[in-house]
Amino acid sequence: MSSAKTLLKFEALLKKYNSVYRDLASIHTDKTPDNDIEHSYRVAMLCWMIINEYELKLDANKVIRYALIHDLPEVYAGDISIYVAYSQKDKEKREARAIKKLEGQFPKQSPIWKDLNEYEKRKDKESKFVYLVEKLEPILLVLLSEPEHWIKRKINFEAFIENKQRKIKDIDTIAQFLNKDLMKYLGKKKAIFYRPKK
């Protein structure tokens, strides 16, 4: 395959990644949904900043790589809203099939697929760190771009926090302080952002 065709093939994959929409408004306008590629870029930049800001002993290069590719399987598996019930097992199976498909399409990119598989296992401190930041980043986006996000969806504070914490509170990472601080901030601001529980 010519280099032009190879570049176009991978760019087409990135275009698909850019078209995986998420259940929140984009940073550009509340009329356009966010997408996986912009989310992944923001996660990468946040991770890099956090490592520097708090002098965390993490491999920044690996962290950035994990952050950029963490949602890539969603090109074929799709994104699932935090607000809908789903089977974690089914999600994992769909994403495993998507990774196999990606590996088949781009067999020479084994370093990318190795990183993606390592991230999915969440065994090293870098993958755990990225997973935590990746789960917090949408909250930051909502606070900046769509403050009525939870009110529009009729989500109450306690239900949202419980759902989010179920996924991240037990992640063994040196960055749990970020989770605690953000939850404390949300608690102070809940009258603005959340519908009271009835």
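Just so we're clear, the structure is a prediction, and the values are computed from it rather than from any experiment.

Some points on the environment of A175
Reasoning step 1: Here A175 is to be found in the loop between α9 (157-168) and α10 (176-193).
Reasoning step 2: By relative accessible area, A175 is classed as buried at 0%.
Reasoning step 3: C-alpha separation for the pair A175 and L8, spaced 167 residues apart in sequence, amounts to 38 Å.
Reasoning step 4: The residues contacting A175, other than those within four sequence positions of it, are F129 and L132.

Considerations on the side chain of K91
Reasoning step 1: One can find K91 in helix α5 (residues 88-105).
Reasoning step 2: Those residues in contact with K91 that lie beyond four places of it in its chain are I80 and Y86.

Section: the pattern of salt bridges
Reasoning step 1: Throughout the structure, instances matching the rule amount to 16 salt bridges.
Reasoning step 2: Notably, a salt bridge pairs D71 with R22, separated by 3.6 Å at the nearest N-O pair. Here the residue D71 occupies a position in the loop between α3 (60-69) and α4 (74-77), and R22 occupies one in strand β1 (residues 21-25), the gap between them amounting to 49 residues.
Reasoning step 3: Residue classification places D71 among the buried positions, given a relative accessible area of 7%.
Reasoning step 4: As a salt-bridge pair, D23 and R153 come within 3.0 Å of each other at their nearest N and O atoms. Placement of D23 in strand β1 and of R153 in the loop between α8 (149-152) and α9 is noted, with a sequence separation of 130 residues between them.
Reasoning step 5: It is possible to trace a salt-bridge network through shared partners that takes in R22, D34, D36, R42, D71 and E137.

A closer look at the nonpolar core
Nonpolar side chains tend toward joint burial in soluble globular proteins.
Reasoning step 1: Counting residues in hydrophobic clusters, the biggest one holds 36 residues, and the most contacted among them are F129, V130, L136, I139, W150 and L186.
Reasoning step 2: Of all the secondary-structure elements, those providing two or more residues to this core are α2 (36-53), α3, α7 (125-145), α9 and α10.
Reasoning step 3: Of the residues forming this core, the biggest block, ten residues, is contributed by α7.
Reasoning step 4: When neighbours within four sequence positions are excluded, W150 is seen to be in contact with Y83, I139, V142, L143, I155, F160, F193 and Y194.

Regarding the layout of surface pockets
Reasoning step 1: For the largest pocket, the calculated volume is near 660 Å³.
Reasoning step 2: Lining the largest pocket are 31 residues, with D79, I80, E134, K135 and K167 sitting closest to its centre.
Reasoning step 3: Of all the elements in the fold, those that place two or more residues in the lining of the largest pocket are β1, α5, α6 (110-121), α7, α8 and α9.
Reasoning step 4: Here the lining of the largest pocket takes six residues from α7, the largest share from any one element.
Reasoning step 5: Here the residues of the lining of the largest pocket are counted per class, giving 13 nonpolar, four polar and 14 charged.
Reasoning step 6: Considered as a void within the structure, the second largest pocket measures approximately 270 Å³ in volume.
Reasoning step 7: M1, T6, L7, K9, F10, Q105, F106, P107, K108, Q109 and I112 are the residues that line the second largest pocket.
Reasoning step 8: Broken down by element, the lining of the second largest pocket gets its largest block of residues, four residues, from helix α1 (residues 3-18).
Reasoning step 9: The residue inventory of the lining of the second largest pocket, partitioned by class, reads six nonpolar, three polar and two charged.

What counts, and at which threshold
Residues numbered from 1 in each chain as written. Predicted model: local features only at pLDDT ≥ 70, side-chain atom pairs only at ≥ 80, totals over all residues. Heavy atoms only, no water. Helix = DSSP H or I, 4+ residues; strand = E, 2+ residues; numbered from the N terminus. Buried < 20%, exposed > 50% of the residue type's maximum accessible area, 1.4 Å probe, protein only. Contact = heavy atoms within 4.5 Å. Salt bridge = Lys/Arg side-chain N within 4 Å of Asp/Glu carboxyl O. Core = buried A, V, L, I, M, F, W, Y, C linked by side-chain atoms within 4.5 Å. 1 Å grid on protein atoms, 1.4 Å probe; cavity = no way out; pocket = protein on both sides within 12 Å on 5 of 7 lines; lining within 4 Å. Points joined across faces, edges and corners; volume = space filled by probe spheres on them. Nonpolar A, V, L, I, M, F, W, Y, C, P; charged D, E, K, R; others polar.

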